[in-house]
Amino acid sequence: MKQLLLLISIGFGLSAFTFGDEPSYRVLEYDNFGRGERLEFSVNFGIFTIGEAEMIIDDKFYKVNHRECYKIDIFGRTSGMVDWVANVNDHWGAYVDSAALVPHISYRNIREGKYKKDEVVRFDHRVNLIETKVADKKTGKFKEPKVYVSQGEVRDMMAGALYLRTIDFSKMKKGDKFIINGFFEDTFYDLEMIYRGREKVKTKAGKFNAIRLAPVVPDNELFDGEDSVIAWVTDDENRMPLKIQAKMFIGNVSVELTDYKNTQHDVTSKIK
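Residues numbered from 1 in each chain as written. Predicted model: local features only at pLDDT ≥ 70, side-chain atom pairs only at ≥ 80, totals over all residues. Heavy atoms only, no water.

Within strand 13 (residues 229-234), six of the six residues are buried, which leaves it mostly tucked inside the rest of the structure. Side chains of strand 13 alternate between two faces, with Val-229, Ala-231 and Val-233 and Ile-230, Trp-232 and Thr-234 buried alike. Here strand 12 (residues 206-215) pairs with strand 13 via four bridges, running antiparallel. Directly across from Ile-211, in strand 13, lies its bridge partner Val-233. (Buried < 20%, exposed > 50% of the residue type's maximum accessible area, 1.4 Å probe, protein only. Helix = DSSP H or I, 4+ residues; strand = E, 2+ residues; numbered from the N terminus. Pairing = 2+ DSSP bridges.)

Below is the structure:
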């Protein structure tokens, strides 16, 4: 579950991350999503639904580092009989710069059976530093932070998901590639994405004209073969996430759109 959910309320007050000159931020031109959007998904293993997730963009802006930010939250949980066996209740979130779509703060509350993790990550774009803090599982108090040096613009999962929706695919050809620079836990990633063209895709929210994308997954013991992970977004102005499908050695797992509310534009890609 935790590999597929793109998933502590935080106080902000790290003085070392707030002094000095204001950094220069890239301003992105986009109109693909906005405040108040709410997307709901099912999490499936083969033909069985094993969980549900929702992604919410708060209906107001927040100020972080003197910057206007979206507040993004993803909640994921198991459902049905699976909940009796492996109870999962995860909460991922971030404050994402509304102009540059880079994160200022991201956070995770992971509850998966007996496994527990609380994490806060702060991004200082002025000096390209990232600070991570993880709570002690017994006391709940945060341990000493770890600091990482980034090389320019980097995104967490929340900001990366939003940034992906702003990319213009109209001039791409099948096989064209692009990269999203990311940071997760203690590792930097250059996530290479391959544009696989346009096709129709069926979800529990309906049938859509879609853009097909394939992230390049390094060889590992979890995913099975080339194009082991495929993602689809709507082929309209929203570029709303529709489906993520993963071919894994244990079987096929997918996250699939079930409902959507308050999209920035009418969903013209839906096939009636």
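Next comes the rest of the account.
Okay, the pattern of salt bridges next. All told, the structure shown has 19 salt bridges when counted by the stated rule. The residue Glu-40 makes a salt bridge to Arg-38 at a minimum N-O spacing of 3.7 Å. Overall, Glu-40 belongs to the partly exposed group, its relative accessible area being 23%. Three or more residues joined by partner-sharing salt bridges are found here, namely Arg-38, Glu-40, Glu-52, Glu-54, Arg-77, Asp-259 and Lys-261. (Salt bridge = Lys/Arg side-chain N within 4 Å of Asp/Glu carboxyl O.)

Here we take up the environment of Trp-92. Along the chain, Trp-92 falls in strand 5 (residues 89-97). By relative accessible area, which is 4% here, Trp-92 ends up buried. A sequence separation of 17 residues divides Trp-92 from Phe-75, and the C-alpha atoms of the two residues are 6.5 Å apart.

A word on the pairing of strand 11 (residues 187-203). By the bridge criterion, eight bridges tie strand 10 (residues 177-184) to strand 11 in an arrangement that is antiparallel. From the neighbouring strand, Ile-180 faces strand 11, where its bridge partner is Leu-191. As consecutive antiparallel partners, strand 10 and strand 11 are separated by two residues, and within that stretch Glu-185 has a phi angle of approximately 60 degrees, a positive value. The sheet contact formed by strand 11 and strand 12 spans nine bridges and is antiparallel. Paired with Arg-198 across the strands is Ile-211, a residue of strand 12. Linking two consecutive strands that pair antiparallel, namely strand 11 and strand 12, is a turn of two residues.

Another point: the packing of aromatic side chains. Geometrically, a pair of aromatic rings is defined through the distance of the ring centres and the angle of the planes. Counted by the stated rule, this structure contains twelve aromatic pairs. Considering the side-chain rings of Tyr-62 and Tyr-95, the 5.7 Å spacing of their centres and the 75 degrees angle between planes classify their relative orientation as edge-to-face. Within this pair, whereas Tyr-62 is found in strand 3 (residues 62-64), its partner Tyr-95 is found in strand 5, the two being separated by 33 residues in sequence. Taken together, the ring pairs connect Tyr-30, Phe-33, Phe-61 and Tyr-70 into an aromatic cluster. Its guanidinium or amino end placed over the ring of Tyr-25, Arg-67 lies 3.9 Å from that ring's centre, counting from NZ or CZ. One cation-aromatic arrangement involves Lys-243 over Trp-232; the distance from NZ or CZ to the ring centre is 5.8 Å. (Phe/Tyr/Trp six-rings, centres within 6.5 Å; stacked < 30°, edge-to-face > 60°. Lys NZ or Arg CZ within 6 Å of the ring centre and 35° of its normal.)

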